[in-house]
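Notes for the structure review
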Amino acid sequence: MERKGWVLAMLIGLTALTAASFSTSLAWYVSSSSVAVENLEVKLKTEHNLLISTEIDGEYVSELGTSDLNPMHGKFYPVSTMFESRWRDGTKLPEFYEYRGYYTPSTGKPYPPDKITTGFFTQTLYLKSDDDVYVTLDRDFSYVRAYELANRRTAAELARTTLYKNWTEEEIYNRLNQINNASRMSFYFMDDDQYFILDPTKEGMTYYGGVLDTFKDEYFDSYVDQNGISREVIYGEYNDASFIRYTEPTEKAIPVVGEPTSFNAGHHAFTCMFDAQASADAGLKFKAEPSLALSDLSDDPHVENNPFAVYLKRDTPKAFQFTIYLEGWDHDCVNAVMGASFLAGLQFKILREAYE
């Protein structure tokens, strides 16, 4: 008989409002308010065959409270898992990066993004079973969703500020409730070098690249090449810069249409604009985020066909680095969700016993 077990982790992100500026500019356009986490609760409900701990030699229990976990008073900022190959050698933990709007040299190749160690929650946890089993995530109990009650209160507060003078309270509230679209969970099982990214609200593909307005001036960043021609900067992870194509220089500035974000900006005067279609036709490919949607999670006991299946050896702790973060290349990760609150849950279950 297949034995079941599950781990439930509840993340409650409570809003922290701050007037302080921060340097992150991968996706958020201006500084206003940030998401902060005040409480994280990890619970495990089992038939005594799956337990969890914060230490490899620690006590394995069915429930972890806030005091058992890393402090949760930091703020969330947009980061990215782009350039995974920089750390993925089986010996390091996942690294996250951000662009800070540095000067781009005449080669057109931006300076590498900075490694960032704040702005997300991460902790090493350990699973242990009393039998040889495969575990997976339960799609019915893994989620990220807006904390609507808190966002309603925050919307009322923000509506009274000058930053949102052109927004109604209802518009602010609706946008805050889109925070879940930019949220991600990742799981890195160090011993097996297995890395999974879960996008619980995934709709379409997120790509680690494109043009950005990192200077927050409502225009896409540009640089002057070795021939003195102004061109838009192409950020992120892609296959070959020789495939990048541009339009002829603009005769005058083209202002932004709609809401200014790092992804939606105008074009500087006398600048060659990035031609996305011509570049794609030439062979340019941006790295696609290798995330799983909830619909990808499977109960298929054939582990070779299951995109999330992890082996646990009897009575042997299995370490994994759990991270929850905001993916900066997600186009929903913009100013309008700053200050939002969210709820997230994750649940492991035993897929099947590991028999020959």
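Structure first, text after, so check above.
This part is about the overall build of the chain. Tallying secondary structure elements over the chain gives 3 helices and 23 strands in all. Relative to all contacts within the chain whose residues are 6 or more apart in sequence, the contacts with residues 24 or more apart total 77%.

Let us look at the pattern of salt bridges. Where charged atoms from two side chains of opposite charge come close, those side chains can pair. Within this structure, the stated rule accounts for 12 salt bridges. When the shortest N-O distance is used, the salt bridge between Arg88 and Glu84 registers 2.5 Å. Classification of Glu84 as buried rests on a relative accessible area of 13%. For Lys115, the salt bridge goes to Glu95, with nearest N and O atoms at 3.5 Å. You can see Lys115 sitting in strand S8 (residues 114–116) and its partner Glu95 sitting in the loop between strand S6 (78–79) and strand S7 (96–98), a full 20 residues away along the chain.

As a further point, take the nonpolar core. Counting residues in hydrophobic clusters, the biggest one holds 43 residues, and the most contacted among them are Met185, Phe187, Phe308 and Phe348. It is strand S23 (residues 342–353) that contributes the most residues to this core, 5 residues altogether. Those residues in contact with Met185 that sit more than four places away from it in its chain are Tyr143, Val144, Phe196, Ile197, Leu198, Phe322, Thr323, Ile324, Tyr325, Ala344, Gly345 and Leu346. In this structure, Met82, Phe83, Phe96 and Phe120 belong to the second largest nonpolar core, which totals 26 residues.

A few words on the packing of aromatic side chains. Tallying each qualifying case throughout the model produces 23 aromatic pairs. Pairing Trp87 with Tyr188 gives two aromatic rings, centres 5.1 Å apart and planes at 85°, and the pair type is edge-to-face. Here the residue Trp87 occupies a position in the loop between S6 and S7, and Tyr188 occupies one in strand S12 (residues 183–189), the gap between them amounting to 101 residues. Of the two residues, Trp87 and Tyr188, neither departs from the other in class, the shared state being buried. Ring geometry for Phe121 against Phe322: centres 6.2 Å apart, planes inclined by 65°, an arrangement best described as edge-to-face. Of this pair, Phe121 sits in strand S9 (residues 121–129) while Phe322 sits in strand S22 (residues 318–327); the two residues are 201 residues apart in sequence, bridging distant segments of the chain. An identical accessibility class is assigned to Phe121 and Phe322; each is buried. Of the aromatic side chains, those joined through ring pairs into one cluster are Phe121, Phe187, Phe189, Phe196, Phe308, Phe320, Phe322 and Phe348. For the cation-ring pair, Arg86 lies above Phe83, with the distance from its terminal atom to the ring centre recorded as 4.3 Å. Across from the ring centre of Tyr97, 5.5 Å away, lies the NZ or CZ of Arg86, which sits over that ring.

Attention now moves to the layout of surface pockets. Estimates place the volume of the largest pocket at around 370 Å³. Along the walls of the largest pocket sit 18 residues, with Met205, Thr206, Trp329, Asp330 and His331 positioned nearest its centre.

Attention shifts here to the packing of helix H1 (residues 148–158) against helix H2 (residues 169–176). Between H1 and H2, the shortest axis-to-axis distance is 8 Å and the interhelical angle comes to 140°. When the axes of H1 and H2 are compared, the pair comes out oblique. Handedness of the crossing formed by H1 with H2: right-handed. For the pair formed by H1 and H2, the contact residues are Glu148, Asn151, Arg152, Thr154, Ala155, Ala156 and Leu158 on the first element and Glu169, Glu170, Ile172, Tyr173 and Leu176 on the second.

Take the pairing of strand S13 (residues 194–198) next. Counting buried positions along S13 yields 4 of 5 residues, so the element is predominantly enclosed. The sheet contact formed by S12 and S13 spans 5 bridges and is antiparallel. Of the residues in S13, the one forming a bridge with Phe187 is Phe196. A loop of 4 residues connects S12 with S13, the two strands running antiparallel in sequence, and Asp193 in this loop sits at a positive phi of about 50°. Two strands pair when backbone bridges link them, and S13 and strand S20 (residues 291–292) are joined in this way by 2 bridges, in the parallel orientation. In the strand pairing of S20, Ile197 is matched with Ser291.

Okay, the side chain of Glu237 next. Inspection of the secondary structure assignment puts Glu237 in the loop between strand S17 (235–236) and strand S18 (246–249). Buried within the structure, Glu237 lacks any salt-bridge partner; its nearest side chain of opposite charge belongs to Lys287, at an N-O separation of 4.1 Å. In this structure the side chain of Glu237 is engaged in a polar contact, spanning 2.7 Å, whose partner is the backbone nitrogen of Phe83.

Among the secondary structure elements, Asp213 is positioned in the loop between strand S14 (209–210) and strand S15 (222–224). This buried residue, Asp213, is left without a salt bridge; Lys216 holds the nearest opposite charge, at 9.0 Å. A distance of 2.9 Å separates a polar atom in the side chain of Asp213 from the backbone nitrogen of Lys216.

Before going further, it helps to spend a moment on H2. Turning to H2, its buried residues number three or more, namely Ile172, Tyr173, Arg175 and Leu176. Buried residues of H2, viewed axially, fall in a sector of 165°; they line one side. Taken together, the buried residues of H2 touch H1.

The rules behind the values
- Residues numbered from 1 in each chain as written.
- Predicted model: local features only at pLDDT ≥ 70, side-chain atom pairs only at ≥ 80, totals over all residues.
- Heavy atoms only, no water.
- Helix = DSSP H or I, 4+ residues; strand = E, 2+ residues; numbered from the N terminus.
- Contact = heavy atoms within 4.5 Å.
- Salt bridge = Lys/Arg side-chain N within 4 Å of Asp/Glu carboxyl O.
- Buried < 20%, exposed > 50% of the residue type's maximum accessible area, 1.4 Å probe, protein only.
- Core = buried A, V, L, I, M, F, W, Y, C linked by side-chain atoms within 4.5 Å.
- Phe/Tyr/Trp six-rings, centres within 6.5 Å; stacked < 30°, edge-to-face > 60°.
- Lys NZ or Arg CZ within 6 Å of the ring centre and 35° of its normal.
- 1 Å grid on protein atoms, 1.4 Å probe; cavity = no way out; pocket = protein on both sides within 12 Å on 5 of 7 lines; lining within 4 Å.
- Points joined across faces, edges and corners; volume = space filled by probe spheres on them.
- Axes fitted to C-alpha atoms, helices over the stretch in contact; angles between N-to-C directions.
- Parallel < 35°, antiparallel > 145°, perpendicular 65-115°, else oblique.
- Left-handed = near helix turned anticlockwise from the far one by under 90°.
- Pairing = 2+ DSSP bridges.
- Lys, Arg positive; Asp, Glu negative; His and termini not counted.
- Polar contact = N/O pair within 3.5 Å; in protein donor to acceptor, adjacent residues only side chain to side chain.
- Arc of directions from axis to C-beta.

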